[in-house]
Amino acid sequence: MNDALRALSRDDLQELLVIYAKNLIALDGTWFQSLEQDDGMDAAMHHDVEAWRRFSKSEARRIKSFLGLEERPGLEGLARALPLRCQSAANADELFFDEDGALVYRITDCRVQNARERKGMGFHPCKRVGIVEHREFARGIDERIRCECLSCFPEVTDATCNCSWRFTLQA
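Engineer: Quick question: what am I supposed to make of the nonpolar core here?
Structural biologist: One finds L78, L82, L103, F137, I141, W165 and F167 to be the most contacted residues of the largest nonpolar core, which totals 23 residues. Elements with a contribution of two residues or more to this core: helix 3 (41-67), helix 4 (74-81), strand 2 (103-109), helix 6 (127-141), strand 3 (145-152) and strand 4 (163-169). Broken down by element, the residue count for this core peaks at 4 residues, all from helix 4. Those residues in contact with F137 that lie beyond four places of it in its chain are S56, E59, A60, I63, L78, A81, L82 and R85. Of all hydrophobic cores here, the second largest spans 8 residues; its members include L35, A44, V49 and V132.

Engineer: For this particular structure, what's the right way to read the pairing of strand 1 (residues 92-97)?
Structural biologist: Consecutive residues of a regular strand have side chains that alternate between opposite faces of the sheet. One ladder, built from 6 bridges, connects strand 1 with strand 2; its direction is antiparallel. In the sheet register, D93 faces strand 2, and the bridge partner there is I107.

Engineer: Just to check I follow, could you spell out the confidence of the model for the protein for this structure?
Structural biologist: Interpretation of this model should avoid reading the predicted coordinates in detail wherever pLDDT is low. Overall, the prediction assigns the protein a mean pLDDT of 94, with 100% of residues at 70 or greater. Here helix 5 (residues 111-118) stands out as the least confident element of the protein, with mean pLDDT 88; helix 4 is the most confident, with 98.

Engineer: Would you take a moment to explain the layout of surface pockets for this structure?
Structural biologist: Over the atoms a probe the size of a water molecule is rolled, and this reveals where empty space is left. By volume, the largest pocket amounts to about 600 Å³. If you list the elements that add at least two residues to the lining of the largest pocket, you get helix 2 (10-39), helix 3, helix 5, helix 6 and strand 4. Considering each element in turn, the lining of the largest pocket owes the most residues, 9 residues, to helix 2. Among the residues making up the lining of the largest pocket, the classes are represented as 16 nonpolar, 10 polar and 10 charged. Estimated volume of the second largest pocket: approximately 390 Å³. For the lining of the second largest pocket, the element with the highest residue contribution is helix 3, accounting for 5 residues.

Engineer: I keep staring at the environment of S56 and nothing clicks. Help me out?
Structural biologist: By the element assignment, S56 lies in helix 3. By relative accessible area, which is 0% here, S56 ends up buried. Within the local environment of S56, its side chain forms a polar contact with the backbone oxygen of W52, the two atoms lying 2.8 Å apart.

Engineer: Looking at this structure, I do not really get the sheet that holds strand 2. What am I missing?
Structural biologist: Hydrogen bonds along the backbone pair up the strands of a sheet, which may run parallel or antiparallel. Taken in spatial order, the 4 strands of this open sheet run 1-2-4-3, and their pairing is antiparallel. Since the sheet does not close on itself, it has two edges, and those belong to strand 1 and strand 3, each with one partner. For this sheet, the mean angle separating the axes of adjacent strands, direction not counted, is 20 degrees. Packed on one face of the sheet, helix 4 meets strand 1, strand 2, strand 3 and strand 4 and runs near 150 degrees to strand 4.

Engineer: How should the environment of D100 be read in this particular structure?
Structural biologist: Its place among the elements puts D100 in the loop between strand 1 and strand 2. Given a relative accessible area of 59%, D100 falls into the exposed group. Side-chain polar atoms of D100 contact the side chain of R166, separated by 3.5 Å.

The rules behind these values
- Residues numbered from 1 in each chain as written.
- Predicted model: local features only at pLDDT ≥ 70, side-chain atom pairs only at ≥ 80, totals over all residues.
- Heavy atoms only, no water.
- Core = buried A, V, L, I, M, F, W, Y, C linked by side-chain atoms within 4.5 Å.
- Buried < 20%, exposed > 50% of the residue type's maximum accessible area, 1.4 Å probe, protein only.
- Helix = DSSP H or I, 4+ residues; strand = E, 2+ residues; numbered from the N terminus.
- Contact = heavy atoms within 4.5 Å.
- Pairing = 2+ DSSP bridges.
- pLDDT = per-residue confidence, 0-100.
- 1 Å grid on protein atoms, 1.4 Å probe; cavity = no way out; pocket = protein on both sides within 12 Å on 5 of 7 lines; lining within 4 Å.
- Points joined across faces, edges and corners; volume = space filled by probe spheres on them.
- Nonpolar A, V, L, I, M, F, W, Y, C, P; charged D, E, K, R; others polar.
- Polar contact = N/O pair within 3.5 Å; in protein donor to acceptor, adjacent residues only side chain to side chain.
- Axes fitted to C-alpha atoms, helices over the stretch in contact; angles between N-to-C directions.

Written as structure tokens, this is what we have:
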């Protein structure tokens, strides 16, 4: 960390954290849109899936270490880790345990879909990427965790959120 960052107040650091999260999402979107424009949606989606497969594992490993989670922290560990993901500082999300004890994670306001809508572009067909992203992040926290997509474009089953994911622990 440099001196300029060390000199920032807690409030300024929190504001900067949100800016960094928004910048990460913007960077992800700009390279995706460049590929989408030049090579088409299928090629862009292929590279998006691969990028998130790799990134999600690294992000999980770093957050797991930061939190000092044990090797197999279960759904409780995942519940602590999900709100600390980069995208969580930029998107509105919620997390709860359902009546069956599964962990449900919902993004209720997504910067990616909002930006595409503002630009007059079609929604990002993010289900395929989201499955890989959320699965790999969860497995990075605890390899026993399984992820199920409840709702995500283009297969929206819950209009109250942009996407919804359910995590269960396998024995």
